[in-house]
Amino acid sequence: MPRSYFTKLLPLLTLLLLFQSPRHPSTAAYAIGVNYGTVADNLPPPSEVAAFIRDHTTIDKVKIFDANPDIITAFANTNISLTITVPDDAVLAVANPSAARAWVAANVLPFFPATRIRRIAVGNEIFATGDRNLIAHLLPAMKAIHAALQSANLAGEIQVSTPHSLGILSISDPPSSGRFRRVYDRVIFAPILEFHRQTNSPFMVCPYPYFGFTDEAGNYALFRPNGGVLDRATGLNYTNMFAAQLDAVYSAMKRVGYGDVDIVVAETGWPSAGDPNQMGVSLDNAASYNANLVKYVSSGVGTPLMPNRTFETYIFSLFNEDLKPGSSEQNFGLFRPDLEPVYDVGVLRNPQFGSPTPVSNKKWCIPRNDASDAALQANIDFVCGSDGVSCKPIQDRAACYEPDTVRSHAAYAMNAYYQSHGRTDFACDFDTTGALTTHDPSKLLGTLSVSKLLFLLVESDEIFYSKFVLFHLAGWYVS
Ligand SMILES: *[C@@H]1O[C@H](CO)[C@@H](O)[C@H](O)[C@H]1NC(C)=O
Ligand SMILES: *[C@@H]1O[C@H](CO)[C@@H](O)[C@H](O)[C@H]1NC(C)=O
Ligand SMILES: *[C@@H]1O[C@H](CO)[C@@H](O)[C@H](O)[C@H]1NC(C)=O
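Residue positions are given per chain, counted from 1 along the sequence in the order it is written. Chain labels run from A onward and ligand labels from 1 onward, assigned in the order the entries are written. Local features are withheld for residues below a pLDDT of 70 in this predicted model, meaning they are given only at 70 or higher, and side-chain atom pairs are given and counted only at 80 or more; totals for whole chains, interfaces and linings count all residues.

Labelled according to an unreviewed UniProt entry, the protein chain appears under the name glucan endo-1,3-beta-D-glucosidase, originating from Perilla frutescens var. hirtella. The Catalytic activity (unreviewed entry) comment attached to the protein chain in UniProt states, word for word, "Hydrolysis of (1->3)-beta-D-glucosidic linkages in (1->3)-beta-D-glucans." Entered under Subcellular location (unreviewed entry) in the UniProt record, the comment concerning the protein chain runs "Secreted". UniProt positions are given in the numbering used here, feature names are shortened, and annotations may be inferred rather than shown by experiment.

Take a look at the structure:
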């Protein structure tokens, strides 16, 4: 082949490899749970959701906020464990033993064992309601449901618990000083923990470092490198807020004599989008928090006060839910309602290279015509300063350096960001200076044959083959 062809191919090859290097280099598959909330009007039918989770993810545990029979049925024969919930408004009633038996007869027996119902959550964050009557009936309701399971011979297979927000703690910092709210500690929590110990069921909590996010504590909340936070009482150094929150819960449990009871993380998560200027909310932060969380809880290192312990963990949430109040509340999902990943946290089976989304419906992110050079330069600075995108190709006279215009460099950077950040509309927003196109941007930009070739190759489903061929041709050429 003529030399000129190769001089173009070589930088292109570099670029292709960059495009294909996984954003999360360890795409190891982790077992993790998710909360399947349904406060939305656009979700796929439960049967589709269950099949999707079974076939396309490594998620092996699902928690739902009610006992929707369609959902429970959908998980039959999937071998996915299910936690179902007695809704808050049924908690008072099921404190009555016969009502509890009726609830189990209606919501468990018809589906078990085809659906692996493993746990029943009685209410959700009941203490946060501040409803004293409800709070007083919580443990009786848990005991009645457990007794109903016993009479159905299922108490050995189905646990009973209830999720708590961290509002149950009056002190949580430093972690070793963690304690339950006064009065509740002995009157309510000690008996609940005694129930867990006797029935071998876990204490369920919902830690959300997101709510502790500040500019100073950002990296600490996001499991990113940081200087650590020292608990002076124990001399233990905390490098992430999640562990500190769990240890505060553990300290509170231990203080009333129940440090041995298992802890399950019933909910934790991070919103990928929200209102403008909302602190800590971004796609990058959500992807970073959840991906690091999955690795952390799967690693088996435990926490400083609970070394080597593992915590069954349920990410909130499976889907973005459009009927939730508030923009960030609507954007906790790992998936969009069309089952496309918002971002990958390492739970997809056979993830594609830079992004979990299959290379279909090709779209590119390009600068809008009316975007100013200043705004586009800000986009370049943002992308090139963020993790996961290499800007080498548009620097130092590399493959995409020419034409040396802000618009052309921004086109590269914005598209690289979009392709590696889940290909969501949001990842191409750039404060409304980005636009998605289904047309080959090299034509729109009227530039560079190399970039055109790149886009065509990226478009090709034969990309791995192309990479292979290019790699060998290039190697042959160099030698
Ligand atoms: C079901 O899942 C459990 C773990 O949750 C696993 O041990 C078991 O082998 C699975 N069974 C089947 C039939 O896949
Ligand atoms: C805590 O850990 C961080 C991260 O490893 C480290 O930078 C810091 O010096 C440690 N602090 C103390 C007091 O050991
Ligand atoms: C935790 O695991 C490590 C490595 O297996 C071991 O050396 C250590 O003794 C364990 N710590 C506790 C408290 O079990």
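Read on for the rest.
Q: How would you explain the packing of helix α5 (residues 97–107) against helix α6 (residues 132–151) if you had to name every residue and give the values?
A: Pairs of packed helices are described in terms of their axes, by the angle between the two and the distance that separates them. A fitted line through C-alpha atoms represents every axis, and for helices the fit uses only the stretch in contact; the resulting angles, taken between N-to-C directions, go from 0 to 180 degrees. Per the convention used, a helix needs a DSSP run of H or I reaching at least four residues, while a strand needs a run of E reaching at least two, with both numbered from the N terminus. In the contact formed by α5 and α6, the axes pass within 8 Å of each other and the chain directions differ by 60°. The orientation of α5 relative to α6 falls into the category oblique. Viewed along their axes, α5 and α6 form a crossing whose handedness is right-handed. Of the residues in α6, those touching α5 at P97, A100, R101, W103 and V104 are A144, I145, A147, A148, L149 and S151. For this classification, Asp, Glu, Lys and Arg are treated as charged, while Ala, Val, Leu, Ile, Met, Phe, Trp, Tyr, Cys and Pro are nonpolar and the rest, including Gly, are polar. Partitioning the contact of α5 with α6 into residue classes produces nine nonpolar, one polar and one charged. Orientation is classified from the angle alone, with under 35 degrees giving roughly parallel, over 145 giving roughly antiparallel, 65 to 115 giving roughly perpendicular, and any other angle giving oblique. The handedness criterion is simple: a crossing whose near helix is rotated anticlockwise from the far helix by less than a right angle is left-handed, and one whose near helix is rotated clockwise is right-handed. Any pair of residues counts as being in contact when their C-beta atoms, constructed from backbone geometry, are within 7 Å of one another.

Q: With reference to specific residues and values, describe unusual backbone geometry.
A: Here the amide bond leading from F112 into P113 is cis, since omega sits at 5°, within 30 degrees of zero. Looking at the element boundaries, P113 is found in the loop between α5 and β4 (117–122). We note that F430 has phi near 45°; this positive angle belongs to a residue other than glycine. Looking at the secondary structure, you find F430 in the loop between α12 (406–420) and β15 (434–437). Overall, F430 belongs to the buried group, with 24 C-beta atoms counted inside 10 Å. Partly exposed residues are those whose C-beta has more than 12 but fewer than 20 other C-beta atoms within 10 Å; with 20 or more the residue is buried, with 12 or fewer it is exposed, and the C-beta atoms are placed from the backbone.

Q: Any chance you could break down the sheet that holds strand β12 (residues 263–268) for me, citing the residues and the numbers?
A: The nine strands lie next to each other as β5-β4-β3-β2-β1-β13-β12-β9-β6, forming an open sheet whose pairing is parallel. Looking at which strands have only one partner, the edges of the open sheet turn out to be β5 (159–161) and β6 (163–165). Each adjacent strand pair in this sheet contributes to an overall mean axis angle of 25°, direction not counted. When DSSP locates at least two bridges between a pair of strands, those strands are taken to pair. With three bridges connecting them, β6 and strand β9 (residues 203–206) associate as parallel partners. Bridged to H164 within β9 is V205. Running over the sheet, helix α9 (residues 241–255) touches β9 and β12 and is turned about 135° from β12.

Q: Describe the pairing of β4, naming the residues involved and giving the relevant values.
A: Within β4, five of the six residues are buried, which leaves the element mostly enclosed by the surrounding structure. As defined by bridge partners, strand β3 (residues 81–86) adjoins β4 across five bridges and the pair is classed as parallel. Counted as the bridge partner of V86 is V122 from β4. Of the strand pairs in this sheet, β4 and β5 are connected by three bridges, and their pairing is parallel. Within β5, the residue paired with I120 across the bridge is V160. Orienting the strands away from the viewer, one traces the path from the first strand over the helix to the second; a clockwise path indicates a right-handed crossover. The β-α-β motif built from β4, the intervening α6 and the parallel element β5 has right-handed crossover chirality.

Q: Hey, could you go over the site of ligand 2 for me, with residue numbers and the actual values?
A: Residues in contact with ligand 2, as listed here, are G227, G228, L230, N237 and T239. Residues of the shell around ligand 2, tallied by class, amount to one nonpolar, four polar and no charged. Residues are classed as near a molecule or strand if the C-beta position derived from their backbone is within 6 Å of it.

Q: How would you summarise α12 if you had to cite specific residues and measurements?
A: Every helix has an expected span of 1.5 Å times one less than the residues it contains. Over its 15 residues, α12 runs 21 Å from end to end, which matches the ideal 21 Å to within 8%, given 1.5 Å per residue. Count one or two residues on from α12 and you reach G422, which has phi positive near 80°.

Q: Can you explain the pairing of β3? Please cite residues and give values.
A: Counting buried positions over the six residues of β3 gives five, a clear majority of the element. A crossover connection joins strand β2 (residues 59–64) to the parallel β3 through helix α3 (residues 69–74); in handedness this β-α-β unit is right-handed.

Q: Quick rundown of the environment of E321? Include the residues and the values.
A: Within the element layout of this structure, E321 appears in the loop between β13 (313–315) and β14 (364–367). By the C-beta count within 10 Å, which is 20 here, E321 ends up buried. A C-alpha to C-alpha distance of 8.5 Å links E321 and R336, two positions 15 residues apart in sequence. With residues near it in sequence (within four places) discarded, E321 still touches G37, V39, A40, Q330 and G333.

Q: Describe the packing of helix α11 (residues 373–384) against α12, and please don't skip the residues or the numbers.
A: Remark: α11 packs on α12, axes separated minimally by 9 Å, with the N-to-C direction vectors making an angle of 40°. One element, α11, and the other, α12, form an angle in the oblique class. Of the two possible hands of crossing, α11 and α12 adopt the one that is left-handed. Counting all contacts with α11, which are made through D373, L376, Q377, N379, I380, V383 and C384, the residues of α12 involved are V406, R407, H409, A410, A413, M414, A416 and Y417. Of the residues that constitute the contact of α11 with α12, the class distribution is 10 nonpolar, three polar and two charged.

Q: Go over the environment of L283, please, and point to the residues and values.
A: Note on placement: L283 falls in helix α10 (residues 283–299). Overall, the presence of 21 C-beta atoms within 10 Å leaves L283 in the buried class. Excluding residues that lie within four positions of it along the chain, L283 makes contacts with S272, A273, Y343, H421, G422, T424, F426 and A427.

Q: So what's going on with the nonpolar core? Residues and values would help.
A: With 123 residues, the main nonpolar core has V122, I145 and M414 as its most contacted residues. For this core, the element with the highest residue contribution is α9, accounting for 10 residues. Dropping the residues within four chain positions of it, M414 is found in contact with C365, I366, P367, N379, V383, C428, F430 and G434. The term nonpolar core refers to a set of buried Ala, Val, Leu, Ile, Met, Phe, Trp, Tyr and Cys residues connected through C-beta atoms within 7 Å.

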